[in-house]
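# Residue-level structure breakdown
This is what each chain is made of:
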Amino acid sequence: MSADLPEILDAWRMVAARRGVEGRVPLSALTRLRDSLVDTQGEVRFALDFDRDSLKVPYVELRIDAELPLTCQRSLQRFLLPVNIVQRLGLIRDEADEAALPPGYEPLLVPENGQLRTVELVEDELILAVPVVPIMPGTEAVEGDWPAPEAGPEPERANPFAALSALKKHSN
């Protein structure tokens with residue numbers, strides 16, 4: 001993580017001061033995201049800007065740029081998925097406040113002490129950005145025309161009732 005970047009931010013103080021922070025964090029530091037990645041080579045660049053909008057709603061705007069190393073499920077090759085996120089999170093104190101957020105805001109429930117973990121915010125957004133089935137751009141779907149087998153003469157099958165037919169002829 002960037003040396004001068006605080007690990008924990010006081011959300012309400014940041015909003016009141018209309019401040020922001022920028023930083024970089026190595027992918028290897030994102031422990032919850034690691035399992036979704038092929039490896040942890042690379043870093044994430046991000047910025048968090050705190051403010052209030054015209055309706056006085058406190059928010060943090062996240063800007064995240066990263067390239068996530070994933071395994072393509074079509075070709076099984078490693079590829080880098082470019083991720084560019086701009087997300088505005090409305091800061092709420094209670095779940096009931098979520099309904100008051102303007103359209104386009106995602107709710108972020110702030111703990112009572114107002115403290116937010118910088119890297120966790122970034123990591124949460126990156127986890128949501130990982131596709132369920134990663135597919136490298138430019139790979140084609142494996143589709144083929146599977147021809148139906150040639151219709152030929154059907155092989156003769158033994159009739160399971162032939163033995164009963166023979167018994168019926170002998171009993172008459």
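Note: the structure precedes this text.
These notes cover the structure that comes with them. Worth saying up front: this structure is predicted, and the values here are computed from it rather than measured.

What follows covers the overall build of the chain. Looking only at helices and strands, the chain has three helices and seven strands in total. Going from the N terminus to the C terminus, the chain shows its helices and strands as β-α-β-β-β-β-β-β-α-α. Counting across all 172 residues of the chain, residues that qualify as buried make up 35%. Of the roughly 11900 Å² that the chain leaves accessible, carbon and sulfur atoms contribute 50%.

Turning our eyes to something else, we now look at the pattern of salt bridges. Applying the stated rule across the entire model yields 10 salt bridges. Among the ionic pairs, R117 bridges to E7, the shortest N-O distance being 3.1 Å. With R117 in strand β7 (residues 115–117) and E7 in the segment before β1 (8–10), the pair connects residues that are 110 residues apart, well separated along the chain. You can call E7 exposed: its relative accessible area is 51%. Notably, a salt bridge pairs R88 with E61, separated by 3.0 Å at the nearest N-O pair. Remark: E61 occurs in strand β4 (residues 58–71) and R88 occurs in strand β5 (residues 78–92); sequence separation between them is 27 residues.

The strand order across the open sheet formed by five strands is β2-β3-β4-β5-β6, and the pairing between neighbours is mixed. In the strand order of this sheet, the two ends are held by β2 (20–26) and β6 (106–109), each with one partner. Going across the sheet, the axis of each strand differs from the next one's by a mean of 30°, ignoring polarity. Strand contacts of helix α2 (residues 118–129): β2, β3 (43–52), β4, β5 and β6, with the helix running at about 120° to β5, the strand carrying the most contacts.

Reading guide: rules and limits
- Think of each chain on its own: its residues are numbered from 1, step by step along the sequence as written.
- Given that this is a predicted model, residues contribute local features only at a pLDDT of at least 70 and side-chain atom pairs are listed and counted only at 80 or more, while totals for whole chains, interfaces and linings are drawn from all residues.
- Remark: hydrogens and water are excluded; side-chain values derive from all non-hydrogen atoms of the structure.
- Every helix listed is a DSSP run of H or I at least four residues long, and every strand listed is a run of E at least two residues long, numbered separately from the N terminus.
- Throughout this description, buried means an accessible area under 20% of the type-specific maximum (1.4 Å probe, protein chains only), exposed means over 50%, and partly exposed covers the range between.
- We get accessible surface area from the Shrake-Rupley algorithm with a probe of 1.4 Å; when it comes to residues, only the shown protein chains can shield them.
- Salt bridges are identified by distance alone: a Lys or Arg side-chain nitrogen within 4 Å of an Asp or Glu carboxyl oxygen.
- One bridge is not enough; two strands pair if DSSP finds at least two bridges between them.
- What counts as an axis is a line fitted to C-alpha atoms, over the stretch in contact for a helix, and the angles between N-to-C directions run from 0 to 180 degrees.
- We call two residues in contact whenever any of their non-hydrogen atoms come within 4.5 Å of each other.

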